[in-house]
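# Structural features, examined
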Amino acid sequence: MPLTRRAFTILATGSIALTVLGEQGFAGPMDNPANRPSLAKEPFNIGPKSKYKEAGLYQDFKKDKGVWVVSDGKQLTVLSATCTHIGATTNWNDGKKQFQCERQGPKHGSTFDLDGTNTAGKATRPLERCSLKLVKGANGAEEVEVDPTTRFRKDKDEWSNPASSLPLG
Ligand code: FES
């Protein structure tokens, strides 16, 4: 069937649009900044440290505070969920056991280990750790306070700072 001039124009326009999208990285619904969980701008509590004795990823604070809570059973860390490439958010892929940047495609596509270390894609450094300390909670019991305004970068050797993790013992 011969291609009409109109059909040709539609195909050519679509092809150009796909090429541009591919260059910029594919965008999903979370790519709209209004939908993106952003890192909290004030300290907040995440409960007693005993809550995190079991090793694993705690996702409770991703949506509202923009952080991942990670326990290895001995120490607690809280990672900013913001990709260190150009600031999109990360999501947890349970099958692959890794954080993945929401922005995919050849110009993005970063992945990070559970401890935040970058493993692929355009990010050149790990996710940042938030500052942690123990405080008295509303009921007088000790709770973990996360300060997302103070963060530690592994590439600057800041993960050795005692405030970048909390012993669970
Ligand atoms: S913003 Fe995450 S890889 Fe580009």
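Below you will find a few notes about this structure. Residue indices begin from 1 for each chain and proceed along its sequence in written order. Local features in this predicted model are restricted to residues whose pLDDT is 70 or higher, and side-chain atom pairs enter the listing and the counts only when it is 80 or higher, whereas totals over whole chains, interfaces and linings include all residues.

## Things to note about the overall build of the protein chain
Only DSSP runs of H or I reaching four residues or more are called helices, and only runs of E reaching two or more are called strands; each is numbered from the N terminus. Of regular secondary structure, the protein chain possesses two helices and eleven strands. Ordered by position from N to C terminus, the α and β elements of the protein chain give α-β-β-α-β-β-β-β-β-β-β-β-β. Counting only residues that meet the buried cut, the protein chain has 28% of its 169 residues in that class. Of the contacts made within the protein chain by residues no fewer than 6 positions apart, 50% connect residues no fewer than 24 positions apart. Neighbour density around each residue's C-beta defines its exposure: 20 or more other C-beta atoms within 10 Å make it buried, 12 or fewer make it exposed, and counts between make it partly exposed, where C-beta atoms are placed from the backbone. Contact between residues is assigned whenever the C-beta positions, reconstructed from backbone atoms, fall within 7 Å.

## Notes on the nonpolar core
Note on terminology: a nonpolar core is any set of buried Ala, Val, Leu, Ile, Met, Phe, Trp, Tyr and Cys residues joined through C-beta atoms within 7 Å. By size, the foremost hydrophobic cluster in this structure holds 19 residues, and its most contacted members are Val67, Val69, Val78, Leu79, Leu132 and Val146. Listing elements by their share of this core, those giving two or more residues are β3 (67-71), β4 (75-80), β9 (129-136) and β10 (142-152). With four residues, the single largest contributor to this core is β3. With residues near it in sequence (within four places) discarded, Leu132 still touches Leu76, Val78, Val144, Val146, Ala163, Ser165 and Leu166.

## Re the environment of Asp147
Secondary-structure assignment places Asp147 in strand β10. Separated by 16 residues in the primary sequence, Asp147 and Ser131 place their C-alpha atoms 5.1 Å from one another.

## Some words on the pairing of strand β6 (residues 98-101)
Because side chains alternate across β6, one face comprises the buried residues Phe99 and Cys101, and the other comprises Gln98 and Gln100, none of which is buried. The pairing of strand β5 (residues 90-93) with β6 spans four bridges and is classified as antiparallel. Residue pairing across strands places Asn93 opposite Gln98, the latter belonging to β6. Pairing between strands is defined by DSSP: at least two bridges between them are needed. Between β5 and β6, which pair antiparallel in sequence order, lie four residues; one of them, Lys97, sits at a positive phi of approximately 55 degrees.

## Observations regarding the pairing of β9
Relative to β10, β9 is paired through eight bridges, and the arrangement is antiparallel. Of the residues in β10, the one forming a bridge with Lys136 is Glu142. From the end of β9 to the start of β10, which pair antiparallel, there are five residues, and Gly140 there has a positive phi angle of about 90 degrees.

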